[in-house]
Amino acid sequence: MRRVLLLGLLGLNAWAGACDPVPASPAFLQAAGRLGQATHANQEACQGKPKLGCTAYALPPEQVARLILKTAQESGTSGAVVGEKASIRLTRSGGGWNVTQSVQFGRTTRIRAISGGSVAETADLETAYEQLSARLNRASRWAALWWNCTLAGLRGPSAFAVKNCRWVPATGKWPRTFDFTVTRANDRSLPPGPYSWYPPDGGSCLGGRPFRKTDLY
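So, here is what we can say about the structure in this document. In this text the structure is predicted, and so the values were computed from the model without any measurement. (Residues numbered from 1 in each chain as written. Predicted model: local features only at pLDDT ≥ 70, side-chain atom pairs only at ≥ 80, totals over all residues. Heavy atoms only, no water.)

## Some remarks on the pairing of strand β8 (residues 193-197)
- Of all 5 residues that make up β8, 4 are buried, and the element is covered over most of its length.
- Taken together, the 5 bridges between strand β7 (residues 177-185) and β8 define a ladder with antiparallel strand orientation. The residue of β8 that forms the bridge with Phe180 is Tyr195. (Buried < 20%, exposed > 50% of the residue type's maximum accessible area, 1.4 Å probe, protein only. Helix = DSSP H or I, 4+ residues; strand = E, 2+ residues; numbered from the N terminus. Pairing = 2+ DSSP bridges.)

Now the structure itself:
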């Protein structure tokens, strides 16, 4: 099964605008095309593993790793995910290669050598950022009634801790946002500091996604 490990083609417009995909860059298309063409006919190395998390390639590990890195760097991911572009990186470890594709969404790909090429295995772990997003969005229909962290579902055992939860009036740059301060997170997906959120609106990129205003303007 041909599969390229991508982060999605998302573009960030103004908060009131539609969240339309940005055109794929030539570098992205070239890297993705080379990965697709190099998908190994024999996927025996991936037997017993999730199909969407494992792909064998008829290319050496370093070349596959750099192509996967390029697709992540050129995917069009924007500041809608706080600091995500800066988190994409390639490292070498234990005779193989690791591509960190998304710190906030816990996505890392390990590439190692096999006979005739290499195999890329992707781990997708739940992060503190994802847990925070899920809690906010799960109760979003009642968001207008929130006036503290508890009502927003942000208290209790979790991979993060927050304080100072409150609604902030709309401004010329932002709609009405639910603001809070992250004081602790169990991983690097949610750096401490001030965050904002507003309910999913079906149109803008930031609806339903915690973000930091200072990272965008």
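## Re the sheet that holds β8
- Spatially, β6-β7-β8 is the arrangement adopted by the 3 strands of the open sheet, whose pairing is antiparallel. If you trace the sheet from one side to the other, it starts and ends with β6 (160-168) and β8, each paired once. Within the sheet, the average angular offset between the axes of one strand and its neighbour, ignoring direction, is 25°.
- In this structure, β6 lies alongside β7, joined through 7 bridges in antiparallel fashion. (Axes fitted to C-alpha atoms, helices over the stretch in contact; angles between N-to-C directions.)

## Thoughts on the pattern of salt bridges
- Scanning all chains against the criterion turns up 5 salt bridges.
- Linking Glu62 and Arg66 is a salt bridge whose minimum nitrogen-to-oxygen distance equals 3.1 Å. With Glu62 and Arg66 both in helix α2 (residues 61-73) and 4 residues apart, this pair spans about one turn of that helix.
- Residues participating in the shared-partner salt-bridge network are Lys49, Arg112 and Glu121. (Salt bridge = Lys/Arg side-chain N within 4 Å of Asp/Glu carboxyl O.)

## Comments concerning the environment of Ala41
- Relative to the assigned elements, Ala41 resides in the loop between α1 (26-38) and β1 (54-57).
- Considering only alpha carbons, one finds Ala41 and Tyr57, 16 residues apart in sequence, at a separation of 8.2 Å.

## Focus: the side chain of Asp179
- The residue Asp179 is located in strand β7 in this model.
- Judged by its relative accessible area of 9%, Asp179 falls in the buried class.
- Polar side-chain contacts of Asp179 include one of 2.8 Å to the side chain of Thr177.
- Sequence-distant contacts of Asp179, that is, excluding residues within four places in its chain, are made with Asn164, Cys165, Arg166, Val168, Tyr195, Ser196 and Lys213. (Polar contact = N/O pair within 3.5 Å; in protein donor to acceptor, adjacent residues only side chain to side chain. Contact = heavy atoms within 4.5 Å.)

## Concerning the layout of surface pockets
- Each pocket or cavity is described by its volume, and for the largest pocket that value is around 200 Å³.
- Around the largest pocket, the lining comprises 14 residues; the ones closest to its centre are Ser102, Val103, Gly106, Thr108 and Thr127.
- When contributions to the lining of the largest pocket are tallied by element, the ones reaching two or more residues are β3 (96-102) and β4 (107-114).
- Broken down by class, the residue content of the lining of the largest pocket amounts to 3 nonpolar, 6 polar and 5 charged. (1 Å grid on protein atoms, 1.4 Å probe; cavity = no way out; pocket = protein on both sides within 12 Å on 5 of 7 lines; lining within 4 Å. Points joined across faces, edges and corners; volume = space filled by probe spheres on them. Nonpolar A, V, L, I, M, F, W, Y, C, P; charged D, E, K, R; others polar.)

By themselves these figures say nothing about function.
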